[in-house]
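# What the coordinates show
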Amino acid sequence: MFLSIIIPHYNITDKLLERCIQSILTQGIPDNEYEIIIVDDGSDTKPTWVTELATNIKLIIGEHAGPGGARNKGIEAAAGEYIIFVDADDYLFNNGEILTCIDKLKSERPHILRYRYIVKKEGDENIIPQKKNIRFSNTISGAVYMEKNNLSGSSCTFFFQREFAIKKRIVFPENTFHEDEEFNTILHYHAQTLIESSATLYCYCIRNGSTTSNKSNEFEKKRISDFINTIARIHYFAKNNSANSNTIQTRAIAHKLDTLCVDAILNMMYAGMSARNITRHCKA
């Protein structure tokens, strides 16, 4: 098995989940080379129908532990050499570019291969990316990439080598928002080989009623609290690993912490927090 595609699922409509699954099934990847693992995170209604769509679909039903917990269960169950995540309300573009990326993975075996995504808002017309010749960067380390770029907070923008992540004991924090930030940072910190591609594989869909569109006061307080806790955990990781870090890794994680702190302050401002409260959170 070469590729495991993991879909965390929590109370997403059957229509959106099937759209996601069908976008994967129509990519043209040989059936014996990949599996789809759907991890239900304690939904009110379990999507037991998904296993009828194809023989290479697995369904895991677990207790609610947030997207991080669902992704961890998917990694544990995966048989593929490489893993990608696709959120249940998003989908992959059917443009053949994933096959080019898979060929590159087979020939180079990097720890991480990054790809691009397009944001689609609810109500927008369907996006069809133009076909193009895929370009790949030279191989660098994940730390070099993280030092020179603002590392995305989404874990749905790259392939990663499963055994590498397991060996380094890299897992998602559970029952928290911003779970991707910690996983992505530590994965890139450790990765010795990373290739960036120009392939546009992923459609990130913003819809009304999704977690990211929730603007309630209770949600905002928890989201900001979890964001600050995420920064604290990454800072602890950096401090705990400083003795064994090389110069690039040290600069990379410092750069990531700087960008996270700026994002946290901006989020607090957008949430209407006073300057005094923002200062108090920053000092804490």
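So, a few notes on the structure that sits alongside this text. Just so it is clear, the model here is predicted, and its values are computed rather than measured.

## Regarding the overall build of the chain
If you tally the helices and strands in the chain, you get 9 helices and 8 strands. Scaling as 2.2 N^0.38, a compact globule of 284 residues should have a C-alpha radius of gyration of about 19 Å, and the chain matches this with 19 Å. Projected onto its principal axes, the C-alpha coordinates of the chain cover approximately 55 × 40 × 35 Å. With 284 residues in all, the chain has 49% of them scored as buried. Excluding contacts between residues fewer than 6 apart, the proportion of contacts in the chain whose partners are at least 24 apart in sequence is 80%. Of the roughly 14200 Å² that the chain leaves accessible, carbon and sulfur atoms contribute 49%.

## Remarks on helix α8 (residues 247-270)
Relative to the 34 Å expected for 24 residues at 1.5 Å per residue, α8 spans 35 Å between its end C-alpha atoms, a close match to the ideal helical length. Along α8, the residues classified as buried are Q249, A252, I253, K256, L257, T259, L260, A264, N267 and M268. N-capping of α8 is provided by N246, with a side-chain oxygen placed 3.1 Å from the backbone N of I248.

## Section: the pattern of salt bridges
Inspection of every chain in the model, using the stated rule, returns 15 salt bridges. For K104, the salt bridge is made with E108, and the minimal N-O distance between the two is 3.9 Å. Residue K104 and its partner E108 are both found in helix α3 (residues 97-108); the two are separated by 4 residues, about one turn of the helix. Here E182 ties to R233 by a salt bridge, and the two come within 2.6 Å at their closest N and O atoms. Taken as a pair, E182 in helix α6 (residues 179-190) and R233 in helix α7 (residues 217-240) lie far apart in primary sequence, 51 residues in all. Relative accessible area serves as the criterion here: at 14%, E182 is assigned to the buried category. On the basis of relative accessible area, R233 is assigned to the partly exposed category, the value being 29%. Taken together, the shared-partner salt bridges in this structure form one network comprising R71, D87, E179 and D180.

## Structural notes on α7
Given a rise of 1.5 Å per residue, 24 residues ought to cover 34 Å, and the 34 Å separating the end C-alpha atoms of α7 matches this to within 8%. Looking at α7, one finds that the buried residues are F219, E220, R223, I224, D226, F227, T230, I231, I234, F237 and A238. Those residues of α7 hidden inside the fold are in contact with α6 and α8.

## A few points about the environment of P173
In this structure, P173 sits in the loop between α5 (162-167) and α6. Those residues in contact with P173 that sit more than four places away from it in its chain are G68, G69, E179, E182 and R233.

## As for the packing of aromatic side chains
Under the criterion given, the structure shown has 10 aromatic pairs. Aromatic pair F85 and F172: ring centres 5.5 Å apart, planes at 80°, arrangement edge-to-face. On the criterion of sequence distance, the pair formed by F85 in strand β4 (residues 82-85) and F172 in the loop between α5 and α6 is long-range, its members being 87 residues apart. The residues F85 and F172 share a single accessibility class, namely buried. Ring geometry for F158 versus F160: centroids 6.2 Å apart, planes at 65°, classification edge-to-face. Take F158 and F160: they sit in the same class, and that class is buried. Taken together, the ring pairs connect F85, F158, F160, F172 and F183 into an aromatic cluster.

Thresholds applied
Residues numbered from 1 in each chain as written. Predicted model: local features only at pLDDT ≥ 70, side-chain atom pairs only at ≥ 80, totals over all residues. Heavy atoms only, no water. Helix = DSSP H or I, 4+ residues; strand = E, 2+ residues; numbered from the N terminus. Rg over C-alpha atoms; globule rule 2.2 N^0.38 Å. Buried < 20%, exposed > 50% of the residue type's maximum accessible area, 1.4 Å probe, protein only. Contact = heavy atoms within 4.5 Å. Areas by Shrake-Rupley, 256 points an atom, 1.4 Å probe, with all protein chains shown as cover. Expected span 1.5 Å × (residues − 1). Polar contact = N/O pair within 3.5 Å; in protein donor to acceptor, adjacent residues only side chain to side chain. Salt bridge = Lys/Arg side-chain N within 4 Å of Asp/Glu carboxyl O. Phe/Tyr/Trp six-rings, centres within 6.5 Å; stacked < 30°, edge-to-face > 60°.

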